[in-house]
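# Chains, contacts and geometry: an overview
Below are the chains, spelled out letter by letter.
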Amino acid sequence: MKNAIIKMLLILLSILLIAWAHRTFDSYTLSILNNIGIFAILALSYNLINGVAGQFSLEPNGFVAIGAYFTALFLIPPDDKLDMFALVDPAPIVQHMHMAFLPAILSGGIAATLIALLLSFPVFRVRGDYLAIVTLGFGFIIRIFALNSPAYTNGAMGLNDIPEVANFLWIGTIALVTFIVMLHIVYSRYGRAMKAVRDDEDAATAMGINTFKIKTVAFMTSAFFEGIGGGLLASFLTTITPDQFSFLLTFQLLIIIVLGGLGSMSGALLATILVMGSMEWLRFLDDDMVIFGMHTGAHPGMRMVVFAILLIVMMLFARKGLFGDREIHEIIRDKFLKKGNA
Amino acid sequence: MDFTTFLQQLINGASLGSMYALIAIGYTMVYGVLRLINFAHGDIMMVGAFLTYMGTSAGLPFGAAVLLGILGSVIVGILTDKIAYKPLRDAPKISLLITAIGISFFLENLFNVLFGGVPRAFSAPDYLTKVWHIDKIYLPVTVLIIPIVTVVILTGVLWILYRTKYGMAIRALAFDIPTVKLMGIDADRIITIVFALGSALAAVGGVFYAVSYPSIDPLMGVIVGLKAFAAAVLGGIGSVTGAVLGGFILGFTEIMVVALFPELGGYKDAFAFFFLILVLLFRPTGIMGEDLERSRF
Amino acid sequence: MSQSLLEIRNVTMQFGGVTAIDNLSFKVPQGTIYGLIGPNGAGKTTIFNIVTGNYQPTEGTVIFDGKDITGTRPDRVVKLGIARTFQNIRLFKSMSVLENILIGFHDQIPYTYFEAIFRLPRYHRYERRIRTEAMGILEEFGIAEYADNEATALSYGNQRKVEIARALATKPKLLLLDEPAAGMNPIETEDLSNIIHKIKKDYDLTILLIEHDMKFVNAMCETVTVLDYGEKIFEGPPAEAIVDEKVVAAYLGDFTHA
């Protein structure tokens, strides 16, 4: 009972903070917060399939793209689409589709979820680690499809003038909802089953767990929220092109969830703030630097080299990240009630 | 399609298939021995191409530049294993996979920083850029040479695997690492040989690619790598002959389908993905049908 | 003669060219503790894997509670009422002792995904219930104080108990124990022996057990089947098995046997 009250209060506090931030901050700060919020949603969902269920996947950029395109096409008014599609006329269904904001976002999530379901069959029913390769390829296929189907996606030109409905009120609240949903999943028989599959798939099966089902459920859930994140991204950026959803997005999310601790939701939140923050701060690596009086020259991309090295170093020396696979309240509790071992 | 065009495309397919086959072998061998999908393997191909490019730019004769490319790739491949994979031999599988992706991303961005993202023109020597015209067939010399050289190389690889003691050790390792160690074989050395061999082949594939599509860029290994892996799965992951078979099938299909249905041209890179899905759905062990639990070369 | 809960009928298992199990038949009567013994490599764990559905036998049938369950998927076999432990104790490393037990209850608390996400009443009811039950099992095993400890931090003997407790959570009728006493000292072995007798009584179990420790087998099992190179060479009370000449030869590795 006590826990439930604390939880309610924390949620209330968060909502108030979101509302306050939305009212108070200037647009530059808000755009940073919005960015962090969207990435938080993506990181939390990516953490479920990768961290909690332990299935190495590279899916985010693909599902984010799907969510973004579906949402954009639903949000842009039909007449605007007619003008916008430069190469060919939009396909009729694409031209006429139109929805309010929330249903548009949800449709992005649902579309991603259905595709995840389809992908689950070839991937999870066989032994072997094909999820990563299939999702990696999937990301490329989405881009190929977006480029080659101008009637549906406006090809390389992408979509612009997407109605900018996503503000921090929306993004912050959805991020909060995502966080709560993820925690509810983790602390249920489904989360436990996912962790069991992660730790020892054969032993999990020996406990009666249908590992195919559990992996599929985790994958579909991750896809859903990644689709939602994609929809929010489309509305936030107001412009989307096929090249925006490259592997780089997935890689950034991977660094985030590894840093936070694979499997820890609160870790993923913290790491999102840290990584998004340092992405900006580390921009100086791309510029000309003066080290010991020598100029390095401007090298765009040096930042990413450093990040790649960081990831490798983390995997070699600090695999558990910041929180391991536990949540912040468990870590605090364990610090205060240290039990002996037997 | 008339016969000469068919023949033309057949040869093109053999050429493309050769490249996929060479790279697929590296994937399948590392997977067979370590159960690891070496995401960085496709980038090794890129490294080979770029180092060869550096050699020719520095004025080296082409042959020497190619050797430089191969040697460099072998070193990168071996280092990758020693620095990143070996320390994680006993770690959970996901750690290894994440590290592999990290290495891949590192190589791509390193070469991006060193060479810039704009594709570089790769200058092949004159004797390779000649084009023969037979009837209406348009045959760049490279398209002919590549399959021939590939077949020679593959024969060599199979000879190593089946006629030398190192090859036997590699095949034994694919079966069961602990037992092999108990027999006194230095498993780490064999694994190093696997990485070296795979990287060398990938480098050759990279040079072939650079010569066929004379521009190279740091991301060239990504798509090709993905396709080569799909080819390896198609042929039967863990099987070298399977990888070769899968590579050629994929190469032919890509060329033929686009030749027959030009409107599908934009989607040619997606064929590999669909092959992969189909194989996983209907025959996960691939054409050569090796049991995933116990793989053999 | 009580009704047999499990029957292995003419089971043969071939892997490639190797015959691991050769035309094996035996029956495990309901309510007994039955032993499966034999030298290393005789095929005992293979039989377990056939019963649990991990392997499909080349020939033969597995009959459980009157039904043919040959080749049933492992997770379905658990739902039918068969649970097993592993030779090398496979606990879930990232979880606490209590959480390991809770996994066993997975099928007993069938609330849906949505009920979990929206925290509907069924979720709370079921979660409360299994926590109580899980603690109850841990108390029976005498390890309730370690409930929140990391499962792999416990002593070997206690880890084994956790594994058995976890299997119990699935409410099995038949419990397969793969070398439960392996690696234990005499005190731990005696403790284990008492616990197994206790849970057999309390949970109305039938137990099929693989073991090497003949003293343990003697104390636990009413009947044993002895396997050697996948073949049954003896079936009967353990006391008689010890003196049977074929069994002795198998364990000593009689040279003419090769």
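These numbers come from a predicted model, not from an experiment. (Residues numbered from 1 in each chain as written. Chains lettered and ligands numbered in written order. Predicted model: local features only at pLDDT ≥ 70, side-chain atom pairs only at ≥ 80, totals over all residues.)

## A few points about the overall build of chain A
Looking only at helices and strands, one finds 16 helices and 2 strands in chain A. Its C-alpha radius of gyration of 21 Å places chain A within 12% of the 20 Å reference for a compact globule of 342 residues. Put simply, chain A has 342 residues, and 53% of those count as buried. Sequence separation of at least 24 residues holds for 80% of the intrachain contacts in chain A that already meet a minimum separation of 6. (Helix = DSSP H or I, 4+ residues; strand = E, 2+ residues; numbered from the N terminus. Rg over C-alpha atoms; globule rule 2.2 N^0.38 Å. Buried ≥ 20, exposed ≤ 12 C-beta atoms within 10 Å, placed from the backbone. Contact = placed C-beta atoms within 7 Å.)

## A word on the confidence of the model for chain B
Residues and elements named next belong to chain B. A residue-level look at chain B finds 96% of positions with pLDDT of 70 or above and a mean pLDDT of 88. Of all helices and strands in chain B, the one with the weakest mean pLDDT is helix α8 (residues 177-182) (73), whereas helix α3 (residues 62-85) scores best (95). Low pLDDT (under 50) marks residues 292-297, which in the prediction has 20 contacts with non-local residues, meaning those over four places away or in another chain. Scored by ipTM, the complex comes to 0.91, with pTM at 0.93. (pLDDT = per-residue confidence, 0-100.)

## Brief notes about the sheet that holds strand β2 (residues 18-29) of chain C
Residue and element names in this part refer to chain C. Strand order in the open sheet formed by 4 strands is β2-β1-β4-β5, and the pairing between neighbours is antiparallel. In the strand order of this sheet, the two ends are held by β2 and β5 (67-68), each with one partner. Pairing of strand β1 (residues 4-15) with β2, which is carried by 8 bridges, proceeds in the antiparallel orientation. Bridge pairing in β2 links F15 to V18. (Pairing = 2+ DSSP bridges.)

## Structural notes on the arrangement of the chains
The chain pair with the greatest number of contacts, out of 2 pairs of chains in contact, is formed by chains A and B. What separates chain B from chain C at the closest point of their C-alpha atoms is a distance of 11 Å, and the two make no contact.

## With respect to the packing of α3(B) against helix α4 (residues 93-115) of chain B
All names here are of chain B. At a minimum axis separation of 11 Å, α3 and α4 run at an interaxial angle of 135°. Viewed along their axes, α3 and α4 adopt a mutual orientation that is oblique. Handedness of the crossing formed by α3 with α4: right-handed. Along the contact surface, α3 presents T80, A84 and Y85, while α4 presents L96, T99 and I103. Broken down by class, the residue content of the contact of α3 with α4 amounts to 4 nonpolar, 2 polar and no charged. (Axes fitted to C-alpha atoms, helices over the stretch in contact; angles between N-to-C directions. Parallel < 35°, antiparallel > 145°, perpendicular 65-115°, else oblique. Left-handed = near helix turned anticlockwise from the far one by under 90°. Nonpolar A, V, L, I, M, F, W, Y, C, P; charged D, E, K, R; others polar.)

## Describing the interface of chain A and chain C
Contacts between the two partners involve 24 residues from chain A, matched on the other side by 32 residues from chain C. The leading source of residues in the side of chain A that touches chain C is helix α10 (residues 189-199) of chain A, at 7 residues. Each residue belonging to the side of chain A that touches chain C can be placed in one class, and the counts come to 11 nonpolar, 6 polar and 7 charged.

## A word on the sheet that holds strand β3 (residues 33-37) of chain C
Residue and element names in this part refer to chain C. Strand order in the open sheet made by the 6 strands is β6-β7-β8-β3-β9-β10, with mixed pairing throughout. Lying at the two open borders of the sheet, with one neighbouring strand each, are β6 (82-84) and β10 (231-236). Each adjacent strand pair in this sheet contributes to an overall mean axis angle of 20°, direction not counted. As paired strands, β3 and strand β9 (residues 223-228) are joined by 4 bridges and run parallel to one another. Directly across from Y34, in β9, lies its bridge partner T223.

## What about unusual backbone geometry?
Note: most residues except glycine have negative phi, and most peptide bonds are trans. Residues and elements named next belong to chain C. For N10, which is not a glycine, the phi torsion comes out positive at approximately 50°. Looking at the secondary structure, you find N10 in strand β1. With 11 C-beta atoms packed within 10 Å, N10 lands in the exposed category.

## Focus on the packing of helix α2 (residues 41-57) of chain B against α4(B)
Residue and element names in this part refer to chain B. Relative to each other, α2 and α4 sit at 25°, their axes nearing to 9 Å. Relative to α4, the element α2 lies roughly parallel. In this structure, α2 meets α4 at a crossing whose hand is left-handed. Counted together, D43, M46, V47 and F50 of α2 and S104, L107, E108, F111 and F115 of α4 form the full contact between these two elements. Partitioning the contact of α2 with α4 into residue classes produces 6 nonpolar, 1 polar and 2 charged.

## Brief notes about the environment of B:N12
All names here are of chain B. Relative to the assigned elements, N12 resides in helix α1 (residues 3-34). Separated by 243 residues in sequence, N12 and I255 place their C-alpha atoms 7.0 Å apart. Ignoring any residue separated from it by four or fewer positions in sequence, one finds N12 in contact with V143 and I255.

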